[in-house]
Amino acid sequence: MTPTPPSCAADTQNLATPGEVRHDWTLDEIEALFALPFNDLLFRAQRVHRAHFDPNAVQVSTLLSIKTGACPEDCKYCPQSGHYNTGLGREKLLEIEKVVEQARAAKDAGASRFCMGAAWKSPRERDLKVVLEMVRRVKAMGLETCMTLGMVDGDQASRLAEAGLDYYNHNLDTSPEYYGEIITTRSYADRLATLGHVRDAGMKVCAGGILGMGEAPRDRAALLQQLARLEPHPESVPINMLVKVPGTPLEAVDDLDPFEFIRAIAVARILMPKSHVRLSAGREQMNDSTQALAFLAGANSIFYGERLLTTANPQAERDRVLFTRLGLHPERRDTSVDDDQIQAGVAASVEADLAHQAMQQAAARANELAFDASGT
């Protein structure tokens, strides 16, 4: 009998219980995963992936920018920041009917989740009312709903949840140590607080980061550690490759080795075994072989369509061809909730929002009366 090499024996022992859910990964442990031989790392990630998911199913989302440009944040990667001249015009919040039309087209094209993004530091009350109606209308179509609106407080998160929002996206972007090199207008603690409000409101969390912004390998490990510390883990973990946009401070940063990107996908899968790991921004620059490796490493979610907020995304036909070549298929959404339940939920959320508006009006009226009394 040929003896088993020590490294293989040790790896087999580590894989005895693939997919153990932990929140206490140390940075040394995570860096050790990154340092594994590439084949060993992908084998381990694939074992974990198969313990929790259909290995050939990919969750498909469509992302629409509902308000573009003039964001007050100074994120160095973002073409929507008002701090940089990227040639991106400022647009108003989209009309509700246009959003519904796009959602219907996304559903017809095979998307199971419709994501809406607005370039805000945080939503204003007048805009939030419109956004809540968008959520209700899209939810009533039978799609999962997701939004990214910047920072939200507890009250805003509760109202979004009442309207039927399933997921809220708020990325950590990078490690706590490197964060200040990328953003100064919002702290890391602010981001974690928003995720806490989202979770407290009962919504699912979509949180990930961006690779290739000039960070060190240890920063990539530290980012994944922060995500894995969240309890529970984010249901969706988008791993983005930087899209270098002319006019942004990161337009000339060195390219990240694609194998390092795939390693990050695999480590994310191991650390967060029950999460959907999304192959997100940067797919336009990836060839089919790189994308295939990402799926092998444990990625099981993508954005589908021609644009991803303001940057290009692989065209739908190219994705369909790639899925066919790899034997992949869109993940089916659980449709155990019938239309009557969906409509009842939407009606309840409308009533809740009307009650909230009535309380605000009553409070405003009380303030006016108090002012009048003090002036007499």
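Computed from a prediction, not measured in an experiment: that's the story for all the values here. (Residues numbered from 1 in each chain as written. Predicted model: local features only at pLDDT ≥ 70, side-chain atom pairs only at ≥ 80, totals over all residues. Heavy atoms only, no water.)

## Remarks on the overall build of the protein
- When you go through the protein residue by residue, the secondary structure sums to twelve helices and twelve strands.
- Residues counted as buried form 51% of the 376 residues belonging to the protein.
- When the accessible surface of the protein is summed, it comes to about 17,400 Å², and 52% of that surface belongs to carbon and sulfur atoms. (Helix = DSSP H or I, 4+ residues; strand = E, 2+ residues; numbered from the N terminus. Buried < 20%, exposed > 50% of the residue type's maximum accessible area, 1.4 Å probe, protein only. Areas by Shrake-Rupley, 256 points an atom, 1.4 Å probe, with all protein chains shown as cover.)

## Topic: helix α10 (residues 288-296)
- By the burial criterion, the buried members of α10 are Thr290, Gln291, Ala294 and Phe295. What you see down the axis of α10 is that its buried residues fit within an arc of 140 degrees, all on one side.
- The backbone nitrogen of Ser289 lies 3.2 Å from a side-chain oxygen of the residue at the head of α10, namely Asn287.
- Looking one or two places after α10, you find Gly298, whose phi comes out positive at around 120 degrees. (Arc of directions from axis to C-beta. Polar contact = N/O pair within 3.5 Å; in protein donor to acceptor, adjacent residues only side chain to side chain.)

## Description of empty space enclosed by the protein
- The full count for this structure, using the stated rule, is two cavities of 30 Å³ or more.
- Counting residues per element, the ones that place at least two in the lining of the second largest cavity are β6 (209-211) and α8 (217-229).
- The class makeup of the residues in the lining of the second largest cavity is six nonpolar, one polar and one charged. (1 Å grid on protein atoms, 1.4 Å probe; cavity = no way out; pocket = protein on both sides within 12 Å on 5 of 7 lines; lining within 4 Å. Points joined across faces, edges and corners; volume = space filled by probe spheres on them. Nonpolar A, V, L, I, M, F, W, Y, C, P; charged D, E, K, R; others polar.)

## A word on the packing of helix α5 (residues 125-139) against helix α6 (residues 154-163)
- Two numbers describe how α5 lies on α6: the axes approach to 8 Å, and their chain directions differ by 25 degrees. With respect to α6, the element α5 is oriented roughly parallel. Considering how the two elements wind past one another, α5 and α6 form a crossing that is right-handed. Residues Glu125, Leu128, Lys129, Val131, Leu132, Val135 and Arg136 of α5 form the contact with α6, whose own contacting residues are Gln156, Arg159, Leu160 and Ala163.
- Its residues assigned to classes, the contact of α5 with α6 shows six nonpolar, one polar and four charged. (Axes fitted to C-alpha atoms, helices over the stretch in contact; angles between N-to-C directions. Parallel < 35°, antiparallel > 145°, perpendicular 65-115°, else oblique. Left-handed = near helix turned anticlockwise from the far one by under 90°. Contact = heavy atoms within 4.5 Å.)

## Overview of the nonpolar core
- Grouped together as the largest cluster of nonpolar side chains are 94 residues, with contacts concentrated most on Ile66, Tyr77, Leu160 and Phe261.
- For Phe261, the residues in contact, after removing those within four places along its chain, are Leu211, Ile239, Asn240, Met241, Leu256, Leu279 and Met286.
- In this structure, Leu63, Cys115, Cys146 and Phe303 belong to the second largest nonpolar core, which totals five residues. (Core = buried A, V, L, I, M, F, W, Y, C linked by side-chain atoms within 4.5 Å.)

## A short note on the side chain of Glu144
- Within the fold, Glu144 resides in strand β3 (residues 144-148).
- Given a relative accessible area of 13%, Glu144 falls into the buried group.
- A distance of 3.1 Å separates the side chain of Glu144 from the side chain of Arg113, its partner in a polar contact.

## Description of unusual backbone geometry
- Cis geometry is adopted by the peptide bond preceding Pro232, which originates at Glu231 and carries an omega value of -10 degrees.
- One can find Pro232 in the loop between α8 and β7 (236-241).
- Even without being glycine, Asp173 reaches a positive phi, approximately 75 degrees.
- Assignment of secondary structure puts Asp173 in the loop between β4 (167-169) and α7 (188-200).
- Note on Asp173: relative accessible area 2%, which makes it buried.

## Describing the packing of helix α9 (residues 258-271) against α10
- Between α9 and α10, the least distance of the axes is 8 Å, while the angle of their chain directions is 25 degrees. By the angle between their axes, α9 is roughly parallel relative to α10. Crossing hand, α9 versus α10: right-handed. On the side of α9, the interface is formed by Pro258, Phe259, Ile262 and Ile265, while α10 contributes Thr290, Leu293 and Ala294.
- Grouping the constituent residues of the contact of α9 with α10 by class yields six nonpolar, one polar and no charged.

## Let's talk about the pattern of salt bridges
- All chains considered together, the criterion is met by 18 salt bridges.
- A salt bridge links Glu29 to Arg22, with the shortest nitrogen-to-oxygen separation between them at 2.9 Å.
- According to the relative accessible area criterion, Glu29 is partly exposed, its value standing at 29%.
- Here Arg283 ties to Asp319 by a salt bridge, and the two come within 2.9 Å at their closest N and O atoms. (Salt bridge = Lys/Arg side-chain N within 4 Å of Asp/Glu carboxyl O.)

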